[in-house]
Structures are given as structure tokens and as C-alpha cells.
Amino acid sequence: MRVAFLNTKGGVGKTSSSLMSAEAAHRAGYSSAVIDADPQGSASSWAEAAEAAGTPLNFSVTVANRATLAKTAEKSTVDFLFIDTAPNDPAIIDAAAAAADMVVIPTGTTIADMDRAMQTYEAMTTPAAILLWRVDPRHQLYKQSREMLLDADIAVFTTAIPDRQEINRAWHTDLSGARLHGYDEVITELSAAMRVLTD
Ligand SMILES: Nc1ncnc2c1ncn2[C@@H]1O[C@H](COP(=O)(O)OP(=O)(O)OP(=O)(O)O)[C@@H](O)[C@H]1O
Ligand SMILES: [Mg+2]
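The rules behind the values
- Residues numbered from 1 in each chain as written.
- Chains lettered and ligands numbered in written order.
- Predicted model: local features only at pLDDT ≥ 70, side-chain atom pairs only at ≥ 80, totals over all residues.
- Heavy atoms only, no water.
- Near = heavy atom within 4 Å.
- Polar contact = N/O pair within 3.5 Å; in protein donor to acceptor, adjacent residues only side chain to side chain.
- Areas by Shrake-Rupley, 256 points an atom, 1.4 Å probe, with all protein chains shown as cover.
- Helix = DSSP H or I, 4+ residues; strand = E, 2+ residues; numbered from the N terminus.
- UniProt positions renumbered as here; feature names shortened; annotations may be inferred.
- Pairing = 2+ DSSP bridges.
- Buried < 20%, exposed > 50% of the residue type's maximum accessible area, 1.4 Å probe, protein only.
- Expected span 1.5 Å × (residues − 1).
- Contact = heavy atoms within 4.5 Å.
- 1 Å grid on protein atoms, 1.4 Å probe; cavity = no way out; pocket = protein on both sides within 12 Å on 5 of 7 lines; lining within 4 Å.
- Points joined across faces, edges and corners; volume = space filled by probe spheres on them.
- Nonpolar A, V, L, I, M, F, W, Y, C, P; charged D, E, K, R; others polar.

In the annotation of an unreviewed UniProt entry, the protein chain is listed under the name Chromosome partitioning protein and assigned to Nesterenkonia sandarakina.

If you want it as C-alpha cells, here you go:
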């Protein structure tokens, strides 16, 4: 299954979610990999840092640009391929969505973030769902965001990713000791969605 993490907005957890999901898929017994389609190269730097520390990631991270993305995704034989994308780059976003079976749009829960996520969602032709990210489950904003999406008939993951400094600190580490903070549920929900899509 090929999954693109994208949002026209930056800093909403695309890279963290790509890597955490790849680790979660690995722990669930699937083969996984990441394609880094962001010229900033954050996912690749993460992989390089983990490797340099002598504790490589449990999955590969391959660089692609908008010209090579489709071929790179096609060649992959892993169970779960996650594509990390650049914000504000329509060409990369379109290429990633086209190469994917499913699009996941991570987003914060402020009004501005939700606006952008919903716009990104509406522009998709590939099946897509929103992943609420850095949430405080007790906060009103979280409940309002979920209701707003349901009212607009927009697909949203039942799982939400909590705001955790631990995830922030896991940056550039091998992730094998990290708690998954909901990304295990993301894999479960993606597997279920894939079964529906292929039915
Ligand atoms: N669940 C979380 N709780 C708290 N901080 C988080 C969480 N997930 C990621 N972060 C932090 O939030 C910041 C933004 O995350 P990330 O880099 O994954 O977003 P991005 O969408 O890939 O950004 P960009 O658009 O620049 O590529 C990073 O500093 C990251 O460590
Ligand atoms: Mg990123």
C-alpha cells in the first residue's frame, strides 16, 4: 500500500508521521519504506543521522523528486510505502497523490490549520483522510475539529496523534525504542481502508 503524507501547509507532521508510520508498520510485522520527496530532505537527514549513530532505521528512506517519484513508488515491493512531501509545492503534492493508493493529510487543530487541511482534502482525486495531529484530546478545539470534518463529510482517522515532546525528541533517532503514540492505530486503520478500496 502506498500512502502519501501531504498538506499544502508546512510544519504539520508530514515527516514525523511518515517515519513513525514506517516504524509502526515494521513493528506490526509488515515491510515498510519511506520515499523522501521533499527537497528539504528532512526524512533523508533523519535516516543518515540514525545510521551515523550506529543505529539505523528499521526501513529504508529513498530520495525522489517529482520526475522520479512515480517510478520509485512503482518499483517498491514493500507492504507499506510512505511518501513524505514538501509543503507549498503543487508539483510534488500532485505527483505524490498520483503515486499513492491513499493520501493522509496530517493537520493541527487551529482554525487556520483546519482550513488548509480541508482545502488540501477537497483538491484530492486520490482517496484521502485527515489525521488530527498534536492534539490535546480534552481540548475543545479537538472536539470541534472532529465535528467540523464530520459535518463536511470529510474522512478523518478515528485515531489522533497527541502532542508529545517525546515525538519531537525522537527526531533523528532510530525510533526502535520510541512509543508509537497512535501510529500503530494509523497502520490498523490504513489496512482496513485498503481492504475497502480493493474490494
Ligand atoms: N506529536 C507531536 N507532538 C509534538 N511535536 C511533534 C509531534 N510530531 C512532530 N512534532 C514536531 O513538530 C515539528 C513539525 O513536524 P514535521 O517536521 O514532521 O512536520 P512537516 O509537516 O514535515 O514539516 P515541513 O513542512 O517543514 O516538512 C517538528 O519539530 C517535530 O519534531
Ligand atoms: Mg517535513
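We are not done yet, so read on.
### Things to note about the site of ligand 1
The local shell around ligand 1 holds 19 residues, among which Lys-14, Thr-15, Ser-16, Arg-164 and Asn-168 are the closest. A distance of 2.9 Å is found between an oxygen atom of ligand 1 and a backbone nitrogen or oxygen belonging to Val-12. Measuring from an oxygen atom of ligand 1, one finds a backbone N or O atom of Thr-15 at 2.8 Å. The fraction of the free accessible surface of ligand 1 (630 Å²) that becomes covered by protein chains is 86%. For the shell around ligand 1, the secondary-structure elements that each account for two or more residues are α1 (14-27), β6 (128-135), β7 (161-162) and α7 (165-169).

### Here we look at the UniProt feature "domain: CobQ/CobB/MinD/ParA nucleotide binding" (unreviewed entry) in the protein chain
Following the UniProt record, the feature "domain: CobQ/CobB/MinD/ParA nucleotide binding" (unreviewed entry) maps to residues 3-170 here. With 42% helix and 20% strand, residues 3-170 has end C-alpha atoms that lie 22 Å from one another.

### Quick look at the sheet that holds strand β3 (residues 60-63)
The strand order across the open sheet built from seven strands is β3-β2-β4-β1-β5-β6-β7, with neighbouring strands paired in parallel fashion. In this open sheet, the two strands that pair with only one neighbour each are β3 and β7. By the bridge criterion, five bridges tie strand β5 (residues 102-107) to β6 in an arrangement that is parallel. Of the residues in β6, the one forming a bridge with Pro-106 is Leu-131.

### Focus: the environment of Ala-91
When you line up the elements, Ala-91 lands in helix α4 (residues 90-99). Since its relative accessible area comes to 27%, Ala-91 is described here as partly exposed. In this structure the C-alpha to C-alpha distance between Ala-91 and Ala-67, which are 24 residues apart in sequence, comes to 9.6 Å.

### Examining helix α5 (residues 111-122)
The end-to-end C-alpha distance of α5, which contains 12 residues, comes to 16 Å, matching closely the 16 Å that a straight helix rising 1.5 Å per residue would cover. Among the structural elements, β5, β6 and α6 (140-151) are those in contact with the buried residues of α5.

### What about the pairing of strand β1 (residues 2-5)?
Relative to strand β4 (residues 80-84), β1 is paired through four bridges, and the arrangement is parallel. When the bridges of β4 are listed, Arg-2 appears paired with Leu-81. In this structure, β1 lies alongside β5, joined through three bridges in parallel fashion. Opposite Val-3, over in β5, you have Met-102 as the bridge partner.

### Some remarks on the layout of surface pockets
Size it by volume and the largest pocket reaches roughly 370 Å³. Lining the largest pocket are 21 residues, and of these Gly-11, Gly-13, Ser-16, Trp-133 and Trp-171 sit closest to its centre. The set of elements that each furnish at least two residues to the lining of the largest pocket consists of α1, β6, β7 and α7. Its residues assigned to classes, the lining of the largest pocket shows seven nonpolar, nine polar and five charged.

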